[in-house]
Amino acid sequence: MKMRLIIASVLIPLGIIIAAVPENTTKPFRLTAGELLEEVCEGTQFVSTDEIADMLVQKDPSLQLIDVRTQAEFEKYSLPGSVNIPLSDLLSEEWSDFLDQGVKMNVFYSNGNLKANEAWMISRQLGFENNYVLQGGLNYWAETIMNPQAPKSVLADDEIAKYDFRKGTSMALGGGSMVAIGSKANNTPKPKIKKRKKKKKVAGGC
Amino acid sequence: MAPLIVNEIISPDTNLLIALLIGIGFGFVLESSGFSSSRKLAGMFYGYDTTVLKVFFTAAITAMVGMLFFSLFGWMDLSYIYVNPTYLTSAMVGGTVMGVGFIVGGFCPGTAFCALSIGKLDALAFVGGLVLGIIIFTEGYPLWEDMYKADFMGTPTMNELLDIPRGVFALGMILVAFAMFWVGEWAEKKFPREEY
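We now turn to the structure provided with this report. Position numbers for residues start from 1 in each chain and track the written sequence from start to end. All chains are assigned letters beginning with A, and all ligands numbers beginning with 1, in the order in which they are written. Totals for whole chains, interfaces and linings use all residues, but because this is a predicted model, local features are given only for residues with pLDDT of at least 70 and pairs of side-chain atoms are given and counted only at 80 or more. Here the side-chain values reflect all heavy atoms present in the structure, with hydrogen atoms and water set aside.

Remarks on the overall build of chain A
Right, on to step 1. Secondary structure is summarised from DSSP: a helix means a run of H or I of at least four residues, a strand means a run of E of at least two, and numbering begins at the N terminus for each. Counting secondary structure elements, chain A contains eight helices and five strands.
Right, on to step 2. Secondary structure elements of chain A occur, N-terminal to C-terminal, as α-α-β-α-β-α-β-α-β-α-β-α-α.
Right, on to step 3. When a residue's accessible area, from a 1.4 Å probe over protein chains only, is under 20% of the maximum for its type it is buried; when over 50% it is exposed; and in between it is partly exposed. Sorting the 206 residues of chain A into buried and exposed places 33% on the buried side.
Right, on to step 4. Residue contacts follow a heavy-atom distance rule, with two residues in contact if any of their heavy atoms lie within 4.5 Å. Taking contacts inside chain A between residues at least 6 apart in sequence as the whole, the part at least 24 apart equals 64%.
Right, on to step 5. For chain A, the accessible area works out to roughly 13600 Å², and carbon and sulfur atoms hold 58% of it. Using a 1.4 Å probe, accessible areas were evaluated by the Shrake-Rupley method; residue-level cover was limited to the displayed protein chains.

Structural notes on the pairing of strand β5 (residues 131-134) of chain A
Regular strands have side chains that alternate between both faces of the sheet.
All names here are of chain A.
Right, on to step 1. Here, strands pair whenever DSSP counts at least two bridges between them. The pairing of strand β1 (residues 46-47) with β5 spans two bridges and is classified as parallel. Bridge pairing in β5 places Phe46 opposite Val133.
Right, on to step 2. Where strand β4 (residues 105-109) lies against β5, three bridges are found, and the strand directions are parallel. Bridge pairing in β5 places Phe108 opposite Val133.
Right, on to step 3. Consider the strands pointing away from the viewer: the crossover is right-handed when the path from the first strand over the helix to the second runs clockwise. Handedness of the β-α-β unit built from β4, helix α6 (residues 114-125) and β5 comes out right-handed.

Digging into the interface of chain B and chain A
Right, on to step 1. Between chain B and chain A, the contact holds 22 residues from the first and 19 residues from the second.
Right, on to step 2. Roughly 1700 Å² of surface becomes buried between chain B and chain A when both sides are summed, with 72% attributable to carbon and sulfur atoms.
Right, on to step 3. When two parts are put together, the accessible area they lose, computed with a 1.4 Å probe and summed over both, is reported as buried area. Summed over the three residues of chain B that lose the most area to chain A, namely B:Phe69, B:Leu72 and B:Phe178, the buried surface amounts to 31% of that side.
Right, on to step 4. Take a side-chain nitrogen of Lys or Arg and a carboxyl oxygen of Asp or Glu: if they are within 4 Å of each other, that pair is a salt bridge. Across the contact surface, chain B and chain A share zero salt bridges.
Right, on to step 5. Elements with a minimum of two residues in the side of chain B that touches chain A: α3 (51-72) and α9 (166-190) of chain B.
Right, on to step 6. A per-element tally of the side of chain B that touches chain A places α9(B) first, with eleven residues.

The values are spatial; any link to function lies outside them.
Structure representation (structure tokens):
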């Protein structure tokens, strides 16, 4: 009898507290607005097109490109090895394993910066790590990697080296094919590969 | 932080070890509080001894309040907690079978092993019946597979089905539990029986 009163006087007030507080007041590992603002100001989430091109050419297994545009746009053109997570599906359960992980480097991209950055901000706010944004999006990708413009010859050597690198990756990643982006491309002809006939050993014998 | 396995704070093997220790403690407490007596357990259904109700319901509401507070403090992510899937038909049929077995045999599976460990022969018979039941169920599985899998409801919780907040349901549960304790103690006075 007395025991029941003691237990009741402990558990019932606790129950009242639990009933009164809202659910999920604390979500662990969430960023505060201040922390997020700091990251946004620093812009650490941006990865340049050159870095991505380099990783693609080297077939870096840690890179995971994520296209946040619509499925129709994704089917029209996408970067090699990328998956399509339309911005509206970002929070669906299906993709949580992709976005919230500590192994791969996720790089969001869209046509410009905006949608990809929105995806990054939402996922960062949820506390997800390893998510980045392709600087300038596909438009800048097309401009710099697919159809690089030759720098003026007066520029410094590193500019020219950059151009050479871009031209090389452009060939490796099938550049020049993005006519849709506007510039009259196709000025990067693929090097013709001369096929040499292999010398065969003389067959036959006795 | 918690659940510890999901967040890789402990490994599944360590978890088994902890489960073993908790299990030993559980069995010890069960035995020492008299749960190895089938009369005490069956008393629940006749009204002369409602210890079973009081102990298990106190455990349930304590765990419930604890987990809700852990979630409130951000120590535990309740979305990772395993919820047993509900198959309504088999829950009702199985509950009936279990309940009848409980009244007839005077044990539930856990307490049967508890009593067996101190050498009670009726518990040995009960465990024998338990094994027999398991064999019949598994061997005849194709016969009742349809019924077993009928009315699958996913993993709903009561507060979701009733569409009320989790905390409010918890408070209601606590109040219901204490009301049942009160009724139980009233029944103990109403149907007294000698302690064996």
